[in-house]
Amino acid sequence: MNAPSIDIAILGGGLAGGLIALAFAAHRPEVRVAVFEQGARCGGDHVWSFFGSDVEAGAQILEPLIAARWEGYDVRFARRRRTLKAPYHSVTSEKLDTAMRAALSPERLLTGVPVTQAGRHEVRLADGRSFAAGAVIDARGAAGLPHMSGGWQKFVGQMLRLSAPHGLTRPIVMDATVAQHDGYRFVYALPFSAHEVFVEDTYYADDPWLDRAGLRARIADYAAAQGWQVDAIAYEEAGVLPVIAAGDFDAFWRATDSGTAAKAGIRAALVHPLTSYSLPIALRFALHLCTLDNLSAQSLEDAGHAWAREHWRQGRFYRMLTRMLFGAAVPDDRHKIFQRFYGLSEPLIERFYAGRSTPVDMLRVLAGKPPVPVGAAIASLAGRGHPLASLGDTA
Ligand SMILES: Cc1cc2nc3c(=O)[nH]c(=O)nc-3n(C[C@H](O)[C@H](O)[C@H](O)COP(=O)(O)OP(=O)(O)OC[C@H]3O[C@@H](n4cnc5c(N)ncnc54)[C@H](O)[C@@H]3O)c2cc1C
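How each quantity is defined
Residues numbered from 1 in each chain as written. Predicted model: local features only at pLDDT ≥ 70, side-chain atom pairs only at ≥ 80, totals over all residues. Heavy atoms only, no water. Helix = DSSP H or I, 4+ residues; strand = E, 2+ residues; numbered from the N terminus. Rg over C-alpha atoms; globule rule 2.2 N^0.38 Å. Buried < 20%, exposed > 50% of the residue type's maximum accessible area, 1.4 Å probe, protein only. Contact = heavy atoms within 4.5 Å. Areas by Shrake-Rupley, 256 points an atom, 1.4 Å probe, with all protein chains shown as cover. Lys, Arg positive; Asp, Glu negative; His and termini not counted. Charge placed at Lys NZ, Arg CZ, Asp CG, Glu CD. Arc of directions from axis to C-beta. Expected span 1.5 Å × (residues − 1). Axes fitted to C-alpha atoms, helices over the stretch in contact; angles between N-to-C directions. Parallel < 35°, antiparallel > 145°, perpendicular 65-115°, else oblique. Nonpolar A, V, L, I, M, F, W, Y, C, P; charged D, E, K, R; others polar. Core = buried A, V, L, I, M, F, W, Y, C linked by side-chain atoms within 4.5 Å. Phe/Tyr/Trp six-rings, centres within 6.5 Å; stacked < 30°, edge-to-face > 60°.

Peer 1: I'd love a proper account of the overall build of the protein, names of residues and values included.
Peer 2: Secondary structure summary: the protein contains 12 helices and 16 strands in total. Over its C-alpha atoms the protein spans a radius of gyration of 21 Å, differing by no more than 12% from the 21 Å that the globule rule assigns to 395 residues. Projecting the C-alpha coordinates of the protein onto the three principal axes gives extents of approximately 65 × 55 × 35 Å. Every one of the 395 residues in the protein was classed for burial, and the buried ones make up 54%. Sequence-distant contacts, at least 24 apart, represent 77% of the contacts inside the protein between residues at least 6 apart. Surface exposure of the protein reaches about 16300 Å², of which carbon and sulfur atoms provide 53%. The averaged location of the 40 negative side-chain charges in the protein is 5 Å from the averaged location of its 41 positive side-chain charges.

And the structure:
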């Protein structure tokens, strides 16, 4: 084994692992951080988006990762069209990889190296090498969320190159005027340049099965309906993300314990329960780790566990809404929940996406005539509604 010249070894150079490495490089450059990523580059193939209002601190860490930004965004429903003011930003995995290579020397950023085994002070790679470290953080993503239940947000997104300008000046974060299939369906469109638009066909569905061919065809239909002529598809991504309605956090934590000091990202359930988004949450956690005086394995383990537990506690309201969405609303009526939600005030909507809803916000979200049958809502909250899927196997 090599000499222990690493203070913190991060397993997985995805969103969470990458942001921890960048946060330490920016705020604690004396801490010797190393990242071990199985892919040829960090971050895989992703466009990660977030609202400007989601990020209170650490904006300078995200700045070099941002590929596009817009002032405001639109939502479209059968009975509501609205432009909201919150700035919207998109980060790409390509830029994450570039920033990580700028921040970490090649000895500290190892790509193309699957980790086969890890402990609190040790990392073993598939090529036989071993590294000693003061502490190890597991940020290798997750293949499922055991001991949790809910549904899925699944999608295929394509960057379309058009023969003529599309005419959009800001993103359409939800276009739910499209035909409803497989739960709640909406299209998401990001105008990256005058001739380039990223179009994602998205579903809040009861099962994780992704009909890639079908979704590609619907993206083509959507483009045609807008009058866009597609010259090329420059990039494609797909996702099947867990939407969390309920769970046993302690059992989950034990089940995903890989013996390392701490966990980060989706492996620690550090996601928004209803939107499945994690970028602002990953950034907050990365910044928190940088504030710790003690970076020993025990300290990181305790701090990571306490943070994830508190995040779980704060997610109670969003899990309850997920239970209503999946347990009370018949799939074809799920769009009504979002249509109503987007009639609420902008600050409330911003706090909702940031995972910072106040008690008054919660009352406002729940007040008034519910968009789902009252009996079904009560039954779902009492655990007697439409049965929820286990999130243990697929994510
Ligand atoms: C296509 C897609 C789009 C998304 N869009 C958004 C969005 O717009 N906004 C948002 O907030 N969230 C988004 N999400 C949700 C969420 O933010 C992502 O899933 C996020 O990438 C999770 O971060 P993570 O670091 O936990 O996992 P990942 O980013 O998946 O990182 C895990 C990393 O670990 C590596 N790894 C795995 N096993 C090993 C091993 N044995 N050895 C070494 N390395 C290993 C993987 O290669 C990967 O790079 C999206 C998810 C997907 C799939």
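Structure shown, so let's carry the discussion forward.
Peer 1: Describe helix α9 (residues 334-341), and please don't skip the residues or the numbers.
Peer 2: Every buried residue belonging to α9 is among Arg 334, His 335, Phe 338, Gln 339 and Phe 341, and all of these are buried. Along the long axis of α9, the arc covered by the buried residues comes to 165 degrees, so they all point the same way.

Peer 1: So what's going on with helix α6 (residues 279-290)? Which residues, and what values?
Peer 2: Across its 12 residues, α6 extends 17 Å between first and last C-alpha, which sits within 8% of the 16 Å expected from 1.5 Å per residue. Of all the 12 residues making up α6, 11 are buried; the element is thus mostly covered by neighbouring parts of the structure. Listed in full, the buried residues belonging to α6 are Leu 279, Pro 280, Ile 281, Ala 282, Leu 283, Arg 284, Phe 285, Ala 286, Leu 287, Leu 289 and Cys 290.

Peer 1: Requested: an account of the packing of helix α8 (residues 316-327) against α9, with residues and values cited.
Peer 2: The packing of two helices is summarised by the inter-axis angle and the distance between the axes. Viewed as axis vectors pointing N to C, α8 and α9 meet at an angle of 140 degrees, and their least axial separation amounts to 8 Å. The angle between the axes of α8 and α9 places the two elements in the oblique class. Two secondary-structure elements touch here, α8 through Met 324, Leu 325 and Phe 326 and α9 through Arg 334, Ile 337 and Phe 338. Class assignment for the residues of the contact of α8 with α9 results in 5 nonpolar, no polar and 1 charged.

Peer 1: Provide a residue-level description of the nonpolar core, including the pertinent values.
Peer 2: Grouped together as the largest cluster of nonpolar side chains are 80 residues, with contacts concentrated most on Ile 8, Leu 19, Ile 20, Phe 24 and Leu 300. The residues contacting Phe 24, other than those within four sequence positions of it, are Ile 8, Pro 29, Val 31, Val 33, Leu 289, Cys 290 and Leu 295. Counting residues in each nonpolar core, the second largest holds 39 residues, with Met 174, Phe 192, Leu 348 and Phe 352 among its members.

Peer 1: Explain the environment of Ala 21 residue by residue, including any values.
Peer 2: Along the chain, the position of Ala 21 falls in helix α1 (residues 15-27). Judged by relative accessible area, Ala 21 falls into the buried class, the value being 1%. Each C-alpha atom, one on Ala 21 and one on Ala 9, is 9.5 Å from the other, the two residues being 12 residues apart in sequence.

Peer 1: Report on the packing of aromatic side chains, specifying residues and quantitative values.
Peer 2: A complete count under the given rule lists 26 aromatic pairs for this structure. Between the aromatic rings of Phe 51 and Tyr 73, the centroid separation amounts to 5.1 Å while the plane-to-plane angle is 50 degrees, which identifies the pairing as tilted. Highlighted residues: Phe 51 in strand β3 (residues 47-51) and Tyr 73 in strand β4 (residues 66-77), separated in sequence by 22 residues. Here the two residues Phe 51 and Tyr 73 agree in accessibility, since each one is buried.

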